[in-house]
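Below are the chains, spelled out letter by letter.
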Amino acid sequence: MTHPSDNRASNIIVNHDFSNGLDSWHPNCCEAFVVSAESRNQIGLSRKSGGNYAVVKNRTEHWQGLEQDVTSRISPGCTYFVSACVGVSEPLSGFTNVMATLKLENHGSATSYLFIGKTSVSKGKWEMVEGTFSLSTVPKRVIFYLEGPPPGVELLIDSVVISCSSSSKSESTSERFNIAGDEIIINPQFVDGLSNWSGRGCKVVLHDSMADGKIVPQTGKVFASATERTQSWNGIQQEITGRLQRKLAYNVMAVVRIYGNNVTSATVQATLWVQTPDRREQYIGIAKVQATDKDWVQLQGKFLLNGSQSRVVIYLEGPPPGTDILVNVLSIKHAEKIPPSPPPVIENPDYGVNIITNSQLSDGTNGWFPLGNCNLSVALGSPHILPPMARASLGVYEPLSGRYILVTKRTQTWMGPAQMITDKLKLFLTYQVSAWVQIGSGASGPQNVNVALSVDGQWVNGGQVEIKDGRWHEIGGSFRIEKQPSKVMVYIQGPAAGLDLMVAGLQIFPVDRVDRFKHLARQTDMTRKRDVILQFSGSSSSSLFGTSVKVTQTQNSFPIGSCINRTNIDNEDFVDFFLKNFNWAVFGNELKWYWTEPQRGNFNYKDADDMLAFCQDHKIETRGHCIFWEVQSTVQQWIQALNKKDLMTAVQNRLTGLLTRYKGKFRHYDVNNEMLHGSFYQDRLGKDIRAYMFKTANQLDPSATLFVNDYHVEDGCDTRSYPEKYIEQILDFQQQGAPVGGIGIQGHIDNPVGPIVSDALDKLGVLGLPIWFTELDVSSVNEHVRGEDLEVMLREAFAHPAVEGVMLWGFWELFMSRDNAHLVDAEGEINETGKIFLALKQEWLSHAHGRIDIQGQFEFRGFHGTYVVEIETESDKVSKTFVVDKGDSPLVVSIDL
């Protein structure tokens, strides 16, 4: 036998093309056979080269596949390149992964596994699994195998090549297919000077020191500077084409600072420029850091490429022109998987127990102290009932005492009553905040009152309310602490200096979410289910009594959708999860004005066209987000520079261009996004412009439902967007003739509390308009807590009769606007949050079985949606499809057999 080190280009796999049947190959706890060139059509997939291929069948586990012992053909220290041509057969819809893996049986220790590479495969198409591996020592046994598709799906293997390349070839293949820990950047610390580095629109210079020796490298002997920058996007760059795999996550780390032009602080950003094979350009923001001219700082981020690339360049940018970007290190490595946090263990949570000392003020102001130079006293005359949102959470409660804290001689807005609560808080518990508040006379306008927490000096919002009169107002909110603090203080603040503040019945207590879920289950049964009577008839109907009936719901009709981006649809794993679990889509950016017309007259509708075609092909309904965005910072500079006349023309052109192009294509439109938080168009074009946008959009596309859309409406933490203010805005539009057809609540929420969310929905529901959560996301570093937050929001939405749909603002890591909000990690693994989401989707499907009664009927109660009923008689098995719509009376479905 020739040792592999003597013939580095040879294939170490024996019988790599199955020309000798299954010789040297072994099925792993399953069965396999070889399809010859003459009989290849029996599987429906022709071999690429016309020869044989293997079929692995009767697979009951993901890890079952075909393997070969390669121990004797492996040399320590050699880098091996793996390339396998694979496919899948029935039964499969969508995409699945096929993986190449090494099983390493070590001497005297546990067996370990080394991941080599994976690819996404769909039925009827061959794909390549490629990767590299290297072993420093050769264990007792090295077994190569291919695995991955779901149980029951047949794995097809066309050929397998594993070769140990020459040193020069090894270098090129490791650039194309890196393994965990491999460095993607060549010369990351400038050891070889500026080799492989260049300036992006500027010069790049190497230094051992600058500023008379005041600036020296943090690590190593040298650093680089991007200098003579005339644009903010100028910086240092390196082309990394061919060194990245699509659908693998990469970490970026850089050590940077700035210098010159009298700028002491500026944002430095790592950006990826990608050109696709069809010459489309993409810019992917990886990470930002606030850099200074005083010290080196570390920039860290993560990215993933969904589609194929013809060119990829990473570069640093950001500071104003004339300011140098200094770089000591810039590194890219495959991102290692971080194990998920365990579910938090909370002993004696004491749900519903108030942690505030002397809340009823029966002991004067004992336990309270004035924050700042103000006076606290106790007075009588506050409400005796708990605020409604607290009552909904507490269940059993006592009336309030009617006493309140009177705060006088306030000389700063932050002055008010305070209390230390450090030792009473438990990590990962969600706390609800509730109180009655009032302000004294003399206010010159609306006043903001805030229950705040100081957590180790950091402000945390516990709830806010806007007060315009002398009444008592309910204030409600929530918070959660996920890192152990050393000092936590709660205080009430907000009205202008000189105004008296009154606070009664402050309650801070952990909420029992499980108990709330039980209540919501009962409410859901009334809101989302209907009694159904299946009435069977036919020539043999007299003999149907006692016949077995099985009812299975295949789809719930309640819309649950997600935000998607153009690059997402190039990722087969993303598409597979999306199509299996969502029936609506909204485009993250691709329909926004700054995307479709970034420069005046320079239009880009291709991305939106591609995404719309994708949705139409898969029968996915779409929301149009958004025609305009009222927040000035989101408006293109060329629009902001227009005079009033030209701006009005541009607005008219935007309406006509967008709604004519996509007439009848989008079911909903967010007409002017976030009008409670911005006023660019209203300030420039007058109060009537908003109603004009709605009326014109309706004329151009009467089939679309037109929405208002805003954030923080549902959580009690923002005095700009509480339900009453939203209602006032909508009624004002309607009085102007604006055809507002729906209410969008974005749902970017922290620490959600069911009764607070439900209270907002109750108030908005009075308008009689459909309510949608349009951009729902939740965030927690702990996947279990994050999943619980998502469950709170989905259950509240599903149980409330005014809510007609929910859109998640993404689900895939690195493609969401918030960190720690994803359901699926960047490389396709479903996390604990995702598992909770999938379990809810299953819970909201009804199934029933039984027998036909003497009247020829079968009755059940089920969720609205599509069903299949199977009836098995003595002579036949019949399957019928039917739909359960909304309705108060029982639905009678006639089924003719």
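About the criteria used
- Residues numbered from 1 in each chain as written.
- Predicted model: local features only at pLDDT ≥ 70, side-chain atom pairs only at ≥ 80, totals over all residues.
- Heavy atoms only, no water.
- Helix = DSSP H or I, 4+ residues; strand = E, 2+ residues; numbered from the N terminus.
- Rg over C-alpha atoms; globule rule 2.2 N^0.38 Å.
- Buried < 20%, exposed > 50% of the residue type's maximum accessible area, 1.4 Å probe, protein only.
- Contact = heavy atoms within 4.5 Å.
- Areas by Shrake-Rupley, 256 points an atom, 1.4 Å probe, with all protein chains shown as cover.
- Lys, Arg positive; Asp, Glu negative; His and termini not counted.
- Charge placed at Lys NZ, Arg CZ, Asp CG, Glu CD.
- Polar contact = N/O pair within 3.5 Å; in protein donor to acceptor, adjacent residues only side chain to side chain.
- 1 Å grid on protein atoms, 1.4 Å probe; cavity = no way out; pocket = protein on both sides within 12 Å on 5 of 7 lines; lining within 4 Å.
- Points joined across faces, edges and corners; volume = space filled by probe spheres on them.
- Nonpolar A, V, L, I, M, F, W, Y, C, P; charged D, E, K, R; others polar.
- Axes fitted to C-alpha atoms, helices over the stretch in contact; angles between N-to-C directions.
- Parallel < 35°, antiparallel > 145°, perpendicular 65-115°, else oblique.
- Left-handed = near helix turned anticlockwise from the far one by under 90°.
- Expected span 1.5 Å × (residues − 1).
- Arc of directions from axis to C-beta.
- Pairing = 2+ DSSP bridges.
- Core = buried A, V, L, I, M, F, W, Y, C linked by side-chain atoms within 4.5 Å.
- Phe/Tyr/Trp six-rings, centres within 6.5 Å; stacked < 30°, edge-to-face > 60°.
- Lys NZ or Arg CZ within 6 Å of the ring centre and 35° of its normal.
- Salt bridge = Lys/Arg side-chain N within 4 Å of Asp/Glu carboxyl O.

## Digging into the overall build of the protein chain
Along the protein chain, the regular secondary structure elements total 14 helices and 45 strands. For 897 residues, the compact-globule formula gives about 29 Å, and the C-alpha radius of gyration of the protein chain, at 32 Å, lands near that figure. Here the protein chain, with 897 residues, has 55% of them falling under the buried criterion. In the protein chain, the share of contacts with a sequence separation of at least 24, taken over all contacts with a separation of at least 6, comes to 77%. Of the roughly 38,200 Å² of accessible surface on the protein chain, 48% is carried by carbon and sulfur atoms. Here the protein chain contributes 82 positively and 98 negatively charged side chains, and the mean placements of these two sets differ by 3 Å.

## A short note on the environment of R513
If you trace the backbone, R513 turns up in helix α3 (residues 513–528). By relative accessible area, which is 8% here, R513 ends up buried. Linking R513 and I569, residues 56 residues apart in sequence, is a C-alpha distance of 36 Å. The residues contacting R513, other than those within four sequence positions of it, are T430, R480, N751, P752, V785, E788, D789 and V792. Here T430 takes part through its side chain, which lies 3.3 Å from a polar atom of the side chain of R513. A polar contact is formed between the side chain of R513 and the backbone oxygen of P752, at a distance of 2.9 Å.

## Examining empty space enclosed by the protein
Counting across every chain of the model gives three cavities of 30 Å³ or more. The calculated volume of the largest cavity comes to roughly 90 Å³. Considering the residues around the largest cavity, the lining is formed by 13 residues, among which Q282, L305, N306, G307 and T567 are closest to the centre. Residue composition of the lining of the largest cavity, by class: five nonpolar, seven polar and one charged. By volume, the second largest cavity is sized at about 70 Å³. The wall of the second largest cavity is formed by K592, W593, Y594, C626, I627, F628, W629, T634, V635, Q636 and Y681. When residues of the lining of the second largest cavity are traced back to their parent elements, those giving at least two are α5 (593–596) and β35 (621–629). The greatest single-element share of the lining of the second largest cavity, amounting to four residues, is contributed by β35. Of the residues contributing to the lining of the second largest cavity, the split by class is eight nonpolar, two polar and one charged.

## Topic: the packing of helix α13 (residues 783–799) against helix α14 (residues 832–843)
Relative to each other, α13 and α14 sit at 30°, their axes nearing to 7 Å. The angle between α13 and α14 places the two elements in the roughly parallel class. Crossing of α13 over α14 shows right-handed handedness. Note on element contacts: α14 touches α13 through E832, T833, I836, F837, L840 and E843, opposite E783, H784, R786, G787, E788, L790, E791, L794 and R795. Split by residue class, the contact of α13 with α14 holds five nonpolar, three polar and seven charged.

## Observations regarding helix α11 (residues 723–735)
Look at α11: 18 Å from first C-alpha to last across 13 residues, which is about the 18 Å you get at 1.5 Å a residue. Those residues of α11 lying buried are P723, Y726, I727, Q729, I730 and F733. Seen end-on, α11 carries its buried residues on one side only, within an arc spanning 160°. In α11, the exposed positions that point more than 90 degrees away from the buried face belong to E728 and Q735. Buried-residue contacts for α11 involve α10 (689–700), β37 (705–710), β38 (742–745) and α12 (754–765). Remark: G737 follows α11 within two positions and exhibits a positive phi of approximately 90°.

## Section: the sheet that holds strand β43 (residues 865–872)
If you walk across this open sheet you meet the four strands as β41-β32-β43-β44, and the pairing is antiparallel. Of all the strands in the sheet, the pair left with one neighbour each is β41 (847–851) and β44 (877–884). Averaged over neighbouring strand pairs, the angle between their axes works out to 20° when direction is ignored. The pairing of strand β32 (residues 548–556) with β43 spans eight bridges and is antiparallel. The residue bridging V549 from the neighbouring strand is I871, located in β43.

## Brief notes about the nonpolar core
One finds L534, F536, V551, Y669, Y681 and F882 to be the most contacted residues of the largest nonpolar core, which totals 107 residues. At six residues, helix α8 (residues 644–661) tops the list of elements feeding residues into this core. When near neighbours in sequence (up to four residues on either side) are disregarded, V551 contacts L534, S846, H847, A848, F858, F860, Y867, V868, V869 and F882. Counting 38 residues, the second-largest nonpolar core is a separate cluster that includes L248, A254, A266 and V312.

## Notes on α3
Taken residue by residue, α3 has R513, R516, F517, L520, Q523, T524, T527 and R528 as its buried positions. For α3, the elements touching its buried residues are β31 (529–537), α12, α13, β40 (803–808) and β42 (857–863).

## Looking at the sheet that holds strand β1 (residues 26–27)
Pairing in this open sheet of five strands is antiparallel, and the strands run β1-β4-β9-β6-β7 from one edge to the other. In the strand order of this sheet, the two ends are held by β1 and β7 (112–122), each with one partner. Here ten bridges tie strand β6 (residues 95–105) to β7, and the two strands are oriented antiparallel to one another. Across the sheet, the residue bridging to T101 is F115, located in β7.

## Notes on the packing of aromatic side chains
If you walk through the whole model with that rule in mind, you get 37 aromatic pairs. Aromatic side chains Y605 and Y662 sit 6.0 Å apart centroid to centroid with 70° between the ring planes, which places their arrangement in the edge-to-face category. On the criterion of sequence distance, the pair formed by Y605 in the loop between α5 and α6 (606–617) and Y662 in the loop between α8 and β36 (668–673) is long-range, its members being 57 residues apart. Where F798 meets W844, the ring centres are 4.0 Å apart and the plane angle is 25°; that geometry is what we call stacked. Highlighted residues: F798 in helix α13 and W844 in the loop between α14 and β41, separated in sequence by 46 residues. Clustering of aromatic rings is evident, with ring pairs tying together F574, F577, F578, F582, F614, F811, W812 and F837. Across the ring face of F863, the terminal group of K529 is positioned such that the distance to the ring centre comes to 4.7 Å. Cation over ring: R623 sits above F707, and NZ or CZ is 4.8 Å from the ring centre.

## Some remarks on the side chain of R566
Relative to the elements of secondary structure, R566 occurs in the loop between β33 (560–564) and α4 (572–581). Here R566 falls in the buried class, since its relative accessible area comes to 10%. Polar contacts involving the side chain of R566 include one to the side chain of D570, which spans 3.2 Å.

## Regarding the pattern of salt bridges
Any two side chains of opposite charge can pair, on the condition that their charged atoms come close. The final tally for this structure, using the stated rule, is 45 salt bridges. Put simply, D278, R280, R566, D570, K606, D607 and D610 are held in one network by salt bridges that share partners.

Geometric descriptors of this kind do not, in isolation, establish any biological role.
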